[in-house]
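# Structure at a glance
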Amino acid sequence: MLNMLSIAKSALRPSLARAFAAPATSMSLHTLPDLPYAYNALEPYISETIMKLHHTKHHQTYVNGLNAAEQAYAQSPSVKEKIALQSALKFNGGGHINHSLFWKNLSPANADGGNLSDGPLKKAIERDFGSVEEFKKKFNAATAAIQGSGWGWLGYNPATNMLEIVTTANQDPLLSHTPIIGVDIWEHAFYLQYQNVKVDYLTAIWNVVNFKEAEQRLAEATK
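Residues numbered from 1 in each chain as written. Predicted model: local features only at pLDDT ≥ 70, side-chain atom pairs only at ≥ 80, totals over all residues. Heavy atoms only, no water.

## Focus: the environment of Ile181
- By secondary structure assignment, the location of Ile181 is in strand β3 (residues 178-184).
- Sequence-wise, Ile181 and Phe102 are 79 residues apart; in three dimensions their C-alpha atoms are separated by 7.8 Å.
- Those residues in contact with Ile181 that lie beyond four places of it in its chain are Asn105, Phe139, Gly152, Trp153, Leu154, Trp206, Val209, Phe211, Ala214 and Arg217. (Helix = DSSP H or I, 4+ residues; strand = E, 2+ residues; numbered from the N terminus. Contact = heavy atoms within 4.5 Å.)

## Concerning the environment of Trp151
- Take Trp151: it is sitting in strand β1 (residues 150-157).
- A residue is classified by how much of its surface remains accessible, and Trp151, at 0% relative accessible area, is buried.
- On a C-alpha basis, the gap between Trp151 and Val183 in space is 5.6 Å, while along the polypeptide they are 32 residues apart.
- Among the polar contacts listed, one links the side chain of Trp151 to the side chain of Gln171, at a separation of 2.9 Å. (Buried < 20%, exposed > 50% of the residue type's maximum accessible area, 1.4 Å probe, protein only. Polar contact = N/O pair within 3.5 Å; in protein donor to acceptor, adjacent residues only side chain to side chain.)

## Structural notes on the pairing of β1
- Of all 8 residues in β1, 8 are buried; the element is thus mostly enclosed.
- Where β1 lies against strand β2 (residues 162-169), 8 bridges are found, and the strand directions are antiparallel. Of the residues in β2, the one forming a bridge with Asn157 is Met162.
- The antiparallel pairing of β1 with β2 creates a hairpin that spans 4 residues between the two strands, and Asn161 there sits at a positive phi of about 60°.
- Here β1 pairs with β3 via 6 bridges, running antiparallel. Across the sheet, residue Gly152 finds its bridge partner in β3, namely Val183. (Pairing = 2+ DSSP bridges.)

## Structural notes on the sheet that holds β3
- Spatially, the 3 strands line up as an open sheet ordered β2-β1-β3, and their pairing is antiparallel. The strands lining the two open edges of the sheet, one partner per strand, are β2 and β3. Averaged over all pairs of adjacent strands, the angle between their axes in this sheet comes to 25°, without regard to strand direction.
- Of the strands in this sheet, β1, β2 and β3 are in contact with helix α10 (residues 211-221), which crosses β3 at around 150°. (Axes fitted to C-alpha atoms, helices over the stretch in contact; angles between N-to-C directions.)

## Side note on the confidence of the model for the chain
- Here the chain averages 90 in pLDDT, while 88% of its residues score no lower than 70.
- In this model, residues 1-27 is a region of pLDDT below 50 whose contacts with residues beyond four sequence positions or in other chains number 53 contacts. (pLDDT = per-residue confidence, 0-100.)

## Looking at the pattern of salt bridges
- Enumeration according to the criterion identifies 7 salt bridges in this entry.
- Of the charged contacts in the structure, one is a salt bridge between Asp172 and Lys90, with a shortest N-O distance of 3.7 Å. Remark: Lys90 occurs in helix α5 (residues 86-104) and Asp172 occurs in the loop between β2 and β3; sequence separation between them is 82 residues.
- Judged by relative accessible area, which is 23%, Asp172 ranks as partly exposed.
- Classification of Lys90 as partly exposed rests on a relative accessible area of 34%. (Salt bridge = Lys/Arg side-chain N within 4 Å of Asp/Glu carboxyl O.)

## A short note on the packing of helix α6 (residues 120-129) against α10
- Close contact between α6 and α10 brings their axes to 9 Å; oriented N to C, the two are set at 80°. Between α6 and α10, the angle is such that the two are roughly perpendicular. Note on element contacts: α10 touches α6 through Phe211, Ala214, Glu215 and Leu218, opposite Pro120, Leu121, Lys122 and Ala124.
- Residue composition of the contact of α6 with α10, by class: 6 nonpolar, no polar and 2 charged. (Parallel < 35°, antiparallel > 145°, perpendicular 65-115°, else oblique. Nonpolar A, V, L, I, M, F, W, Y, C, P; charged D, E, K, R; others polar.)

What follows is the structure, given as structure tokens:
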């Protein structure tokens, strides 16, 4: 499972990847990243209450769980005990990776949020999905169809050199593609504001998607 984390870090931007470069020790623990905006900056599309809980409670729990699992793994004397820790490493490691990407995936609507300018990302979306609106429609449909909890992704497939819509269950990180845009569809990401109406949340979030960040990820993936 440590190999899973090493694979996942290759899909992240270099600055973020360094956060996953080594197993946690007393000298090297994973930490909760700061948000690049205030908790109320994404309103009215994502409420301040949701952002505070999501970041300080849910993401922090994944960080704590990952540190504990890595420390236990390093100290485990047997293969059997290491195998028993695989699910904890995958769940908490994936949660930390996914959320660290997610926060940078968002930006206030009065800044860069929701603005997809002409450029390589827009051209690639139009090439692979026909139009930006058609892409959003397909992305929302695939993500809303996730049973239970998971993530919706726009990923770059290095085998086909195309953008593709992918979903992952629970906190599984996206390993088959380079993540370009990720949307959290766990209830803690939207329920306090949108209740059980996933489609309203998915419609609203495009107003705060940081397309500049997404375009940077695409540029790095296609170097």
